[in-house]
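Structural overview
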Amino acid sequence: MATSNYSRELDIALLAVQRATLLTKSVFHSHAKGTLNKSDASPVTIGDFGAQALIISALQHNFPEDEIVAEEEAKDLRENTQLRDTVWNLVKDTILPHEQSQSALGGSLPSAERMLDIIDKGDSKGGAKGRIWAIDPIDGTKGFLRGGQYAVCLALMVDGDVKVGVLGCPNLPVSDSEPLSENIGADATDDERKGVLFSAVQGQGAHSRPMSTGKLAEGQSIHMSPLSNVSDATFCESVEAAHSSQGDAANIAKKLGITKPSVRMDSQAKYGSIARGAGDLYLRLPVRADYVEKIWDHAAGDLIVREAGGEVTDAESNRLDFSHGRTLLRNKGVIAAPKSVHGKVIEVVKEVLGSKSKV
Ligand SMILES: Nc1ncnc2c1ncn2[C@@H]1O[C@H](COP(=O)(O)O)[C@@H](OP(=O)(O)O)[C@H]1O
Ligand SMILES: [Mg+2]
Ligand SMILES: [Mg+2]
Ligand SMILES: [Mg+2]
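Residues numbered from 1 in each chain as written. Chains lettered and ligands numbered in written order. Predicted model: local features only at pLDDT ≥ 70, side-chain atom pairs only at ≥ 80, totals over all residues.

- For the protein, an unreviewed UniProt entry supplies the name 3'(2'),5'-bisphosphate nucleotidase and the organism Cryoendolithus antarcticus.
- Under Cofactor (unreviewed entry), UniProt gives the following word-for-word description of the protein: "Mg(2+)".
- Of the protein, the UniProt comment under Function (unreviewed entry) reads exactly: "Converts adenosine 3'-phosphate 5'-phosphosulfate (PAPS) to adenosine 5'-phosphosulfate (APS) and 3'(2')-phosphoadenosine 5'-phosphate (PAP) to AMP." (UniProt positions renumbered as here; feature names shortened; annotations may be inferred.)

Shown next, in the form of structure tokens:
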């Protein structure tokens, strides 16, 4: 079989994410976000449903044979016509002004009814065989609602291995060299000089480019920081204390000699931020033994960090394994770091988590 350089997949993924962020940005600026609580008590908004519809529609137009694992389902919209129509009005009005880009994505969706079926095409069970896309239409929905960081996330896995990853982060600075401010997770705006697309293809490095409204901007290569001394590190963690143990992270940081306060932000914007060298480490330390991470929360970020020269594993130093369905069944926690210090960080993670389990 001929090997692929995935250039078409990358272009479509970048455009699809860029178009979906036009929709999320319009919801971000509107007062009514149509928030519902899902069965796991996490929120979903009209932005999540709309972004998922737009991305799946673009994938189905270009790669009709591929399977799709996406976070949301249309059930709530089928039961609530008013909500369905609100999402439909957003979806039908979200058009890339660059005509060629809009038509590369297959143009607009046909109808509100079809939109629901399209949203439900993200119900693949995932697995170790074939081409499967993973979509998180809004990662960090809580951050999105709060006016913090969020990301529109898309990855292509082939036989369980991530080949292409794209993250759209409307509220991160465009410039790769802008250091992370402590309040980056709080005072988000998508004003001028904000909005970045991160991407990676396996074996081809990682890139960033400013978000635009259609024609893709030129990408530039990004790299993890060449950290030689781990005590100089800036580490990123979730805003939500329920998603990652901040106490464990503080202990680990202390043992590593890190004195800078952590940078808390929602979503895979954390992976993008360390891949461009704005931060150094991403620690996600399991809080509940029964929580299993979802593949759409990590697939794109995992590849982008590794292609930028970093290492991404779970707390036991195993690579994240995307071949076991919709969740990361075989992994607990995430530790992402520059290659030069990853081993040292893992050593301390094991020490801190290990001593806890003995108590
Ligand atoms: N108890 C838990 N532990 C870890 N992650 C959780 C969790 N409950 C929800 N999440 C996931 O954490 C993601 C946000 O991650 P972060 O804390 O890094 O911003 C959520 O994505 P969504 O916002 O897409 O639902 C959700 O999938
Ligand atoms: Mg969610
Ligand atoms: Mg998510
Ligand atoms: Mg989500």
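**A word on the site of ligand 1**
- Around ligand 1 there are 18 residues in total, and Gly140, Thr141, Ser238, His243 and Asp266 lie nearest to it.
- Going through the elements one at a time, β4 (131–139) and α7 (141–146) are the ones with two or more residues in the shell around ligand 1.
- Broken down by class, the residue content of the shell around ligand 1 amounts to 3 nonpolar, 7 polar and 8 charged.
- Counting the residues that make up the shell around ligand 1, at least three belong to each of domain 1 (7–222) and domain 2 (230–357). (Near = placed C-beta within 6 Å. Helix = DSSP H or I, 4+ residues; strand = E, 2+ residues; numbered from the N terminus. Nonpolar A, V, L, I, M, F, W, Y, C, P; charged D, E, K, R; others polar. Domains from an automatic or database assignment.)

**Thoughts on the nonpolar core**
- Formed by 106 residues in total, the largest nonpolar core has its most connected members in Ala16, Leu154, Ala155 and Ile304.
- Considering each element in turn, this core owes the most residues, 12 residues, to helix α1 (residues 7–28).
- When residues of this core are sorted by domain, at least three fall in each of domain 1 (7–222) and domain 2 (230–357).
- Beyond its immediate sequence surroundings of up to four residues, Ala16 is in contact with Leu54, Ile55, Ala58, Leu59, Leu105 and Leu154. (Core = buried A, V, L, I, M, F, W, Y, C linked by C-beta atoms within 7 Å. Buried ≥ 20, exposed ≤ 12 C-beta atoms within 10 Å, placed from the backbone. Contact = placed C-beta atoms within 7 Å.)

**Some thoughts on the packing of helix α2 (residues 46–62) against helix α4 (residues 81–93)**
- Close contact between α2 and α4 brings their axes to 9 Å; oriented N to C, the two are set at 50°. Regarding the angle of α2 to α4, the classification is oblique. Of the two possible hands of crossing, α2 and α4 adopt the one that is right-handed. Residues Ile46, Phe49, Gly50, Ala53 and Leu54 of α2 pack against Thr86, Val87, Leu90 and Val91 of α4.
- Broken down by class, the residue content of the contact of α2 with α4 amounts to 7 nonpolar, 2 polar and no charged. (Axes fitted to C-alpha atoms, helices over the stretch in contact; angles between N-to-C directions. Parallel < 35°, antiparallel > 145°, perpendicular 65-115°, else oblique. Left-handed = near helix turned anticlockwise from the far one by under 90°.)

**Some remarks on the environment of Leu116**
- Tracing the chain through its elements places Leu116 in helix α6 (residues 112–119).
- Judged by the 19 C-beta atoms lying within 10 Å of it, Leu116 falls in the partly exposed class.
- Here the alpha-carbon distance between Leu116 and Val17, two residues 99 residues apart in the chain, equals 19 Å.
- Not counting residues up to four positions away in its chain, the partners in contact with Leu116 are Ala74, Leu77, Arg78 and Arg84.

**Re the domain arrangement of the protein**
- Each domain of the protein was delimited in the assignment, giving domain 1 (7–222) and domain 2 (230–357).
- Just the C-alpha atoms count here: the centres of domain 1 and domain 2 sit 23 Å apart.
- The interface is formed by 43 residues belonging to domain 1 together with 35 residues belonging to domain 2.
- Going through the elements one at a time, β3 (67–70), β4, α7, β5 (151–158), β6 (161–173), β7 (194–201) and β8 (206–210) are the ones with two or more residues in the side of domain 1 that touches domain 2.
- A per-class count over the side of domain 1 that touches domain 2 returns 23 nonpolar, 12 polar and 8 charged.

**Focus: the confidence of the model for the protein**
- Scored by pLDDT, the protein comes out at a mean of 95, with 98% of its residues at no less than 70.
- Ranking the elements of the protein by mean pLDDT puts strand β1 (residues 36–37) last, at 86, and helix α10 (residues 299–307) first, at 99.
- Reported confidences for the modelled complex are a pTM of 0.97 and an ipTM of 0.99. (pLDDT = per-residue confidence, 0-100.)

**Details of helix α8 (residues 246–255)**
- All buried positions along α8 are accounted for by Asp248, Ala249, Ile252 and Ala253. Seen from one end, α8 has its buried residues packed into an arc of 135°, which puts them on one side. Residues of α8 that are exposed and angled more than 90 degrees away from the buried face: Gly247 and Lys254.
- Looking at the packing, one finds that the buried side of α8 touches β10 (235–237), β12 (281–284) and α11 (339–357).
- Positive backbone phi, at 80°, marks Gly257, one or two positions downstream of α8. (Arc of directions from axis to C-beta.)

**A word on the sheet that holds strand β9 (residues 220–222)**
- Strand order in the open sheet formed by 7 strands is β3-β4-β5-β6-β7-β8-β9, with mixed pairing between adjacent strands. Each edge of the sheet is formed by a strand with only one pairing partner; in this case those strands are β3 and β9. Each adjacent strand pair in this sheet contributes to an overall mean axis angle of 20°, direction not counted.
- Alignment of β5 against β6, held across 7 bridges, turns out to be antiparallel. Within the sheet, the bridge partner assigned to Leu156 lies in β6 and is Val164.
- This element, α1, spans β4, β5, β6 and β7 of the sheet and lies at about 30° to β6. (Pairing = 2+ DSSP bridges.)

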